[in-house]
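So you can see what is in the structure, the chains are spelled out below.
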Amino acid sequence: MRDDILILLCLIIPSLAVVGILLADKTPNVREGVGLFAALLLIVCVGFLTHAFVNSHATTLVVGEILPGLAIVFTPEPMGILFALIASVLWVVAIIYSIGYLRGNDEQHQTRFFACFALSIAATMGIALAGNFFTLFLCYEVLTLATWPLVTHHGDEAARRAGRMYLGTLMGTSICLLLPAMIAIWFVSGSSDFVAGG
């Protein structure tokens, strides 16, 4: 399989799981089966991508260019591959734990929880495989928004307060610190690509 297809699959598998989980809202066994199957499939896909990277230095996937020198790019590199491997394995462990925890405590909004969890894994794969600062920033913001419902899951006042603090801290620092740094780097270098040596 082509390396760019493997990169795309690492991003699409958890994204499609979101759709499957939402469609299986009324059947918990199917819903959780979709999540678990997608998690196992993601491990296989990341494993193949790791193998491709080790043997031939996997290719780059360019999704689109917003402005000259500012594109959505995914490029595997050693630390990113390691991060993707760890995240994909932990998704399986977390799903198994979450099924027992949510069912055991008769939690509300379980479908929302699993869908947001899958979306957060898709964003995590994007962060792990980001080929430039711009892609990293976009995926980081998606991760923040996808995990906010997980933080506020209980729906009580303490959860809502924690959610406000969570969003304020993460989005505030990324917009006030990370975004200006990314813009400065882009203006100085004409690119936001991650390259060896910086």
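This one's a predicted model, so the numbers in the text were calculated from it and none came from an experiment.

## Observations regarding the packing of helix H3 (residues 78-104) against helix H4 (residues 110-129)
Moving on, step 1. Contact geometry for H3 and H4: axes closest at 9 Å, N-to-C directions at 170°. Our classification of the angle between H3 and H4 gives roughly antiparallel.
Moving on, step 2. Its residues placed into classes, the contact of H3 with H4 shows 18 nonpolar, 5 polar and 1 charged.

## Quick look at the packing of aromatic side chains
Moving on, step 1. Counted under the stated rule, the structure contains 3 aromatic pairs.
Moving on, step 2. Between the aromatic rings of Phe113 and Phe114, the centroid separation amounts to 5.6 Å while the plane-to-plane angle is 90°, which identifies the pairing as edge-to-face.
Moving on, step 3. A relative accessible area of 14% places Phe113 in the buried class.
Moving on, step 4. Seen in terms of ring centroids, Phe113 and Phe117 are 5.9 Å apart; in terms of plane orientation they differ by 90°. Their pairing is edge-to-face. With Phe113 and Phe117 both in helix H4 and 4 residues apart, this pair spans about one turn of that helix.
Moving on, step 5. By relative accessible area, which is 14% here, Phe117 ends up buried.

## Quick look at unusual backbone geometry
Moving on, step 1. Non-glycine residue Asp106 carries a positive phi angle of around 50°.
Moving on, step 2. Position of Asp106 relative to the elements: it lies in the loop between H3 and H4.
Moving on, step 3. The phi dihedral of His109 is positive, around 55°, even though this residue is not glycine.
Moving on, step 4. Turning to its location among the elements, His109 is positioned in the loop between H3 and H4.

## Quick notes on the pattern of salt bridges
Moving on, step 1. Per the stated rule, a full pass over the model turns up 6 salt bridges.
Moving on, step 2. Ionic pairing is found between Glu32 and Arg103, a salt bridge with its closest N-O pair at 2.6 Å. Placement of Glu32 in helix H2 (residues 28-56) and of Arg103 in helix H3 is noted, with a sequence separation of 71 residues between them.
Moving on, step 3. Across the salt bridge formed by Arg164 and Glu157, the nearest N and O atoms sit 3.2 Å from each other.
Moving on, step 4. Judged by relative accessible area, which is 39%, Glu157 ranks as partly exposed.
Moving on, step 5. Residues participating in the shared-partner salt-bridge network are Arg31, Glu32 and Arg103.

Cut-off values and rules
- Residues numbered from 1 in each chain as written.
- Predicted model: local features only at pLDDT ≥ 70, side-chain atom pairs only at ≥ 80, totals over all residues.
- Heavy atoms only, no water.
- Axes fitted to C-alpha atoms, helices over the stretch in contact; angles between N-to-C directions.
- Helix = DSSP H or I, 4+ residues; strand = E, 2+ residues; numbered from the N terminus.
- Parallel < 35°, antiparallel > 145°, perpendicular 65-115°, else oblique.
- Nonpolar A, V, L, I, M, F, W, Y, C, P; charged D, E, K, R; others polar.
- Phe/Tyr/Trp six-rings, centres within 6.5 Å; stacked < 30°, edge-to-face > 60°.
- Buried < 20%, exposed > 50% of the residue type's maximum accessible area, 1.4 Å probe, protein only.
- Salt bridge = Lys/Arg side-chain N within 4 Å of Asp/Glu carboxyl O.

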